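Remarks on the overall topology
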Amino acid sequence: MRTYTVGYFVGSLSSTSINRILSKALIQLAPQDLEFTEISIRDLPLYSPDYDTHYPPEGVALKEAISAVDAVRFISPEYNRSILGALKNAIDWASRPWGQNSFDHIPTAIIGASIGAIGTAVGQQSLRAVMAFCNARQMTAPEAYIHYTPEVFGDDGTIHNADTEEFLRNYMTEFRNHIHRVLTVLPR
Ligand code: FNR
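Below you will find a few notes about this structure. (Residues numbered from 1 in each chain as written. Predicted model: local features only at pLDDT ≥ 70, side-chain atom pairs only at ≥ 80, totals over all residues. Heavy atoms only, no water.)

1. Re the packing of helix 3 (residues 85-95) against helix 4 (residues 121-133)
- Two elements in contact, helix 3 and helix 4, have axes whose closest approach is 11 Å; the angle formed by their N-to-C orientations is 5 degrees. Taken together, the axis directions place helix 3 and helix 4 in an arrangement best described as roughly parallel. Residues Leu87, Lys88 and Ile91 of helix 3 pack against Leu127, Val130 and Met131 of helix 4.
- The class makeup of the residues in the contact of helix 3 with helix 4 is five nonpolar, no polar and one charged. (Axes fitted to C-alpha atoms, helices over the stretch in contact; angles between N-to-C directions. Helix = DSSP H or I, 4+ residues; strand = E, 2+ residues; numbered from the N terminus. Parallel < 35°, antiparallel > 145°, perpendicular 65-115°, else oblique. Contact = heavy atoms within 4.5 Å. Nonpolar A, V, L, I, M, F, W, Y, C, P; charged D, E, K, R; others polar.)

2. Considerations on the pattern of salt bridges
- Overall, the coordinates contain six salt bridges when judged by the stated rule.
- Among the salt bridges present, the one from Arg20 reaches Glu38, with a minimum N-O distance of 2.7 Å. Highlighted residues: Arg20 in helix 1 (residues 18-29) and Glu38 in strand 2 (residues 34-38), separated in sequence by 18 residues.
- Residue Arg20 is classed as partly exposed on the basis of its relative accessible area of 27%. (Salt bridge = Lys/Arg side-chain N within 4 Å of Asp/Glu carboxyl O. Buried < 20%, exposed > 50% of the residue type's maximum accessible area, 1.4 Å probe, protein only.)

3. Brief notes about the site of the ligand
- Contacts to the ligand come from 13 residues, most closely from Ser12, Ser17, Glu78, Arg81 and Ser114.
- Between the ligand and the protein, one listed contact pairs an oxygen atom with a side-chain N or O atom of Asn19 at 2.8 Å.
- In the environment of the ligand, a nitrogen atom lies 2.7 Å from a nitrogen or oxygen atom belonging to the side chain of Glu78.
- Burial of the ligand by the protein amounts to 71% of the accessible area it has alone, namely 620 Å².
- Here the residues of the shell around the ligand are counted per class, giving four nonpolar, seven polar and two charged. (Near = heavy atom within 4 Å. Polar contact = N/O pair within 3.5 Å; in protein donor to acceptor, adjacent residues only side chain to side chain. Areas by Shrake-Rupley, 256 points an atom, 1.4 Å probe, with all protein chains shown as cover.)

4. Some details on the pairing of strand 1 (residues 4-10)
- Among the seven residues that make up strand 1, six are buried, leaving the element largely enclosed by the rest of the structure.
- Note: strand 1 against strand 2, five bridges, orientation parallel. Paired with Thr5 across the strands is Glu35, a residue of strand 2.
- For the crossover from strand 1 across helix 1 to strand 2, the handedness is right-handed. (Pairing = 2+ DSSP bridges. Right-handed = clockwise from strand over helix to strand, strands pointing away.)

Shown next as C-alpha cells:
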C-alpha cells in the first residue's frame, strides 16, 4: 500500500487538552504508511456567508490544508453533549463557499476522549451527522469512545494499559484500511 497523508483536527482549544494527548498517542500507534499533519482551527474568525466572495487568509489556509491531505480525522471532546463551537465553526468554513465543500468524498474518522464515562459518544453522533451532510466517507466501525484517565494516558502520548493500546492500534490500522478502500474507488 502507498503512504497516505492524514490531516487531523483537535476539537479542543484547551492548553491542557486530553484530546491533544490522545492525538499524540494515535500517531505513535499508527501504521508506518500514515503521515500526520495538524489542521489548526484556533485562528479562524466566526464564519459568515459574507466571507464567501473573499475568504480571509485563515479560511483559505484551512481549505488548502484539507485539499493537501488524503484523509481527515477528528479528535474531539464533547461540550454539553454536542460538538464544540470552535470545531463546528471550522467545519462550516471548510464546507463553503457553496459548491466548494472541502469534505466532499474525503475519508474520515472520528474519535474523542472525555473525563466522563461515556467518552464523547453523544458528541460524536452530532459530529457524524454533520459530516454525513458534508458528504465525507466516514469510517463507521470501529467506534472509539475514550474515557480518559491520567493513569492510562501519559502526557507524551504513551499508554500504560495494554488493552487500550491494542484497541487504539487496531483503530488506526482500520482507519488506514478505510482510507485505502475509499481512495481506491474515489481517488482525490
Ligand atoms: C465539558 N465536559 C463534558 N464531558 C462530557 O463527557 N460530556 C459533556 O457533555 C461535557 N460537557 C462539557 C462542557 C464544557 C463547556 C466543558 C468545559 C467541559 C468535560 C470534558 O470532557 C473535559 O473538560 C475534557 O477535558 C475536555 O477535553 P479537552 O479539552 O481536555 O480535550
